[in-house]
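Below, each chain spelled out in residue letters.
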Amino acid sequence: MGAIIFWGIIRTALLIPVLWLLYGLIEYKYWWWLVILSIYGVIIYPATIQYRLFQEENEELINNTLCSSCRYFDKSAIICMKYDKHPTLKELPCEGLDWELKDYEYEEKTL
């Protein structure tokens with residue numbers, strides 16, 4: 001998940017100077033359309049594709065592992081919050097010893 005944010009920041013940092021240089025070359029009313037389309041095409045669209053791929057790669061881990069039902073598991077980043085480690089299909093950070101069931105009633109109320 002951090003890679004998606006990182007590359008979004010890198011693409012933004014590269015896009016800003018390019019748009020700044022094009023500001024003097026393109027008529028002002030067309031420049032805004034270029035800004036809007038380039039932000040979508042260079043920053044937002046690639047990030048959504050990367051996020052979809054991230055979800056597909058981690059779908060089995062999110063839905064079918066012991067970690068996914070633990071209270072320390074953060075599914076948005078695929079991380080064990082207690083040990084600050086990423087679980088995999090073959091390895092659990094706590095080896096199942098510190099597993100605690102999520103309080104689903106509390107989780108539904110906060111959503």
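The preceding data block contains the structure.
Attention in this report is confined to the structure presented alongside it.

Definitions and cut-offs
Residues numbered from 1 in each chain as written. Predicted model: local features only at pLDDT ≥ 70, side-chain atom pairs only at ≥ 80, totals over all residues. Heavy atoms only, no water. Phe/Tyr/Trp six-rings, centres within 6.5 Å; stacked < 30°, edge-to-face > 60°. Helix = DSSP H or I, 4+ residues; strand = E, 2+ residues; numbered from the N terminus. Buried < 20%, exposed > 50% of the residue type's maximum accessible area, 1.4 Å probe, protein only. Disulfide = S-S within 2.5 Å. Salt bridge = Lys/Arg side-chain N within 4 Å of Asp/Glu carboxyl O. Expected span 1.5 Å × (residues − 1). Arc of directions from axis to C-beta. Contact = heavy atoms within 4.5 Å.

1. Quick look at the packing of aromatic side chains
The way to describe two aromatic rings as a pair is by their centre distance and the angle between their planes.
Here's step 1: With the rule as written, the count across this model stands at seven aromatic pairs.
Here's step 2: With 6.2 Å between their ring centres and 90° between their planes, Tyr-28 and Trp-32 make a pair best called edge-to-face. On the criterion of helical spacing, the pair formed by Tyr-28 and Trp-32 is a turn pair, its members being four residues apart in helix 2 (residues 28-57).
Here's step 3: On the basis of relative accessible area, Tyr-28 is assigned to the partly exposed category, the value being 48%.
Here's step 4: Taking the centre distance of 5.1 Å and the plane angle of 75° together, the rings of Trp-31 and Trp-32 count as edge-to-face.
Here's step 5: Trp-31 sits in the buried class, given a relative accessible area of 12%.

2. A look at the state of the cysteines
Here's step 1: Under the definition given, this model contains zero disulfides.
Here's step 2: Between Cys-67, a free cysteine, and Cys-94, which holds the nearest cysteine sulfur, the sulfur-to-sulfur gap is 6.1 Å.
Here's step 3: A relative accessible area of 8% means that Cys-67 is categorised as buried.
Here's step 4: Of all cysteine sulfurs in the structure, the one in Cys-80 sits closest to Cys-70, which takes part in no disulfide; the separation is 6.1 Å.
Here's step 5: Residue class for Cys-70 comes out buried when judged on its relative accessible area of 7%.

3. As for unusual backbone geometry
Here's step 1: The residue Ile-78 is not glycine, and still its phi comes out positive at about 50°.
Here's step 2: Structurally, Ile-78 can be placed in the loop between strand 1 (73-74) and strand 2 (79-80).
Here's step 3: In the Ramachandran plot, Asp-84 falls in the positive-phi region, its phi being about 55° despite a non-glycine side chain.
Here's step 4: If you trace the backbone, Asp-84 turns up in the loop between strand 2 and helix 4 (104-110).
Here's step 5: Asp-84 gets classed as exposed once you look at its relative accessible area, which sits at 59%.

4. A short note on the pattern of salt bridges
Here's step 1: Counted under the stated rule, the structure contains three salt bridges.
Here's step 2: A salt bridge links Glu-56 to Arg-52; its shortest N-O distance comes to 3.3 Å. Of the two residues, Glu-56 and Arg-52 both sit in helix 2, four residues apart, roughly one turn of that helix.

5. A few points about helix 1 (residues 2-23)
Here's step 1: Here helix 1 contains 22 residues, and its C-alpha end-to-end distance of 32 Å stays within 8% of the 32 Å for a straight helix at 1.5 Å per residue.
Here's step 2: All of the buried residues in helix 1 are Ile-4, Gly-8, Arg-11, Leu-15 and Leu-19. All buried residues of helix 1 project into a common sector of 75° when viewed along the axis, lining one side. Away from its buried face, by an angle of more than 90 degrees, helix 1 presents the exposed residues Gly-2, Ile-9, Leu-14, Ile-16, Trp-20 and Leu-21.
Here's step 3: Tucked into the core, helix 1 has its buried residues touching helix 2.

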